[in-house]
Amino acid sequence: MDTITYLLVRLALAISLFGHGLVRLPKLTIFSNWMIKSFESSMLPKLLVIPFSYTLPIADFIIGTLLILGLFTKTALVMGGIVMLMLVLGTCLIENWEALQSQMIHVAFIAILLQFVKDCNEFSLDSIIFKP
């Protein structure tokens, strides 16, 4: 993978995460209530859903921002992968198979980016700040 291709894929993933967080932050309580309602009939206890529902938009926004900037890229990708894995589990628990496809695509792009981060992350703050 060359550096321009890597940049385009990184930015596409970053903008997706950033956008998910950005639109939900101003309506955090509404988003949280929607998520709580979505998980009412699942085996996941409300005690876990509530904090996750408030944390998810913030995590999406921060991870997306870091990836846009190319700052702490590898760490942001790993954190994004962890968030996506939690979403995949939650989505399976409520049997929302339509949403699962999008999450799996995000996981695939994160895995691809992680594979090439060391060699292809040239257009990033990491490459400026942490020069070898």
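Everything here concerns the structure above.
Residues numbered from 1 in each chain as written. Predicted model: local features only at pLDDT ≥ 70, side-chain atom pairs only at ≥ 80, totals over all residues. Heavy atoms only, no water.

Enquirer: Which parts of the structure should I look at to understand the overall build of the chain?
Expert: Scanning the chain for helices and strands turns up six helices and zero strands. Going from N to C terminus, the chain has its helices and strands arranged as α-α-α-α-α-α. Dimensions of the chain, computed from the C-alpha atoms along their principal axes, are close to 50 × 25 × 20 Å. Of all 132 residues assigned to the chain, the portion counted as buried reaches 36%. Considering only contacts in the chain between residues 6 or more positions apart, those separated by 24 or more positions represent 75%. For the chain, the exposed surface amounts to about 7900 Å²; the carbon and sulfur share of it is 72%. Each charge sign in the chain was given a centre, from 8 positive and 8 negative side chains, and these centres are 7 Å apart. (Helix = DSSP H or I, 4+ residues; strand = E, 2+ residues; numbered from the N terminus. Buried < 20%, exposed > 50% of the residue type's maximum accessible area, 1.4 Å probe, protein only. Contact = heavy atoms within 4.5 Å. Areas by Shrake-Rupley, 256 points an atom, 1.4 Å probe, with all protein chains shown as cover. Lys, Arg positive; Asp, Glu negative; His and termini not counted. Charge placed at Lys NZ, Arg CZ, Asp CG, Glu CD.)

Enquirer: In this structure, what is going on with a nonpolar patch on the surface? I would like to understand it.
Expert: Nonpolar side chains collect at one region of the surface, where Ile15, Ile68, Leu69, Phe72, Leu125, Ile128, Ile129 and Phe130 lie side by side and expose about 730 Å² of accessible area between them. Elements that contribute at least two residues to the nonpolar patch include exactly helix H3 (46-69) and helix H6 (125-129). In terms of residues, the nonpolar patch owes the most to one element, H6, which gives three residues. Checked against the element boundaries, Leu69 lands in helix H3. Given the relative accessible area of 39%, Leu69 is considered partly exposed. (Patch = residues over 30% accessible without salt bridge, like charges linked within 9 Å, V, L, I, M, F, W, Y side chains within 5 Å. Salt bridge = Lys/Arg side-chain N within 4 Å of Asp/Glu carboxyl O.)

Enquirer: I tried to follow H3 on my own but got confused; where do I start?
Expert: Side chains three or four residues apart in an α-helix point the same way, a direct result of the helix having 3.6 residues per turn. For H3, with 24 residues, the first-to-last C-alpha span of 35 Å sits near the 34 Å given by 1.5 Å per residue. Of all the bends in H3, the greatest, near 30 degrees, is centred on Thr55, and the proline Pro57 appears no more than four residues after it. Buried within H3 are the following residues: Val49, Ser53, Leu56, Pro57, Ala59, Asp60, Ile63, Gly64 and Leu67. Where H3 is buried, its residues contact helix H1 (3-24), helix H2 (28-38) and helix H4 (73-93). Looking one or two residues past H3, Gly70 carries a phi angle of roughly 70 degrees, positive in sign. (Expected span 1.5 Å × (residues − 1). Bend = angle between axes of the 7 residues up to and from the residue.)

Enquirer: Quick question: what am I supposed to make of the side chain of Ser124 here?
Expert: Here Ser124 shows up in the loop between helix H5 (97-120) and H6. In this structure the side chain of Ser124 is engaged in a polar contact, spanning 2.7 Å, whose partner is the backbone oxygen of Asn121. With residues near it in sequence (within four places) discarded, Ser124 still touches Arg10, Leu69 and Gly70. (Polar contact = N/O pair within 3.5 Å; in protein donor to acceptor, adjacent residues only side chain to side chain.)

Enquirer: Would you mind going over the nonpolar core with me for this structure?
Expert: As a rule of thumb, soluble globular proteins bury nonpolar side chains together. Counting residues in hydrophobic clusters, the biggest one holds 23 residues, and the most contacted among them are Leu13, Ile63, Leu67 and Leu77. Elements represented by at least two residues in this core include exactly H1, H2, H3, H4 and H5. Setting aside chain neighbours within four positions, we find Leu13 in contact with Leu67, Leu77, His106, Ile110 and Leu113. (Core = buried A, V, L, I, M, F, W, Y, C linked by side-chain atoms within 4.5 Å.)

Enquirer: When you look at unusual backbone geometry in this model, what are you seeing that I'm missing?
Expert: Phi at Phe72 is positive, roughly 50 degrees, even though this residue is not glycine. If you check the backbone angles, Glu95 has positive phi at about 55 degrees while not being a glycine. Mapped onto the elements of the fold, Glu95 is located in the loop between H4 and H5.

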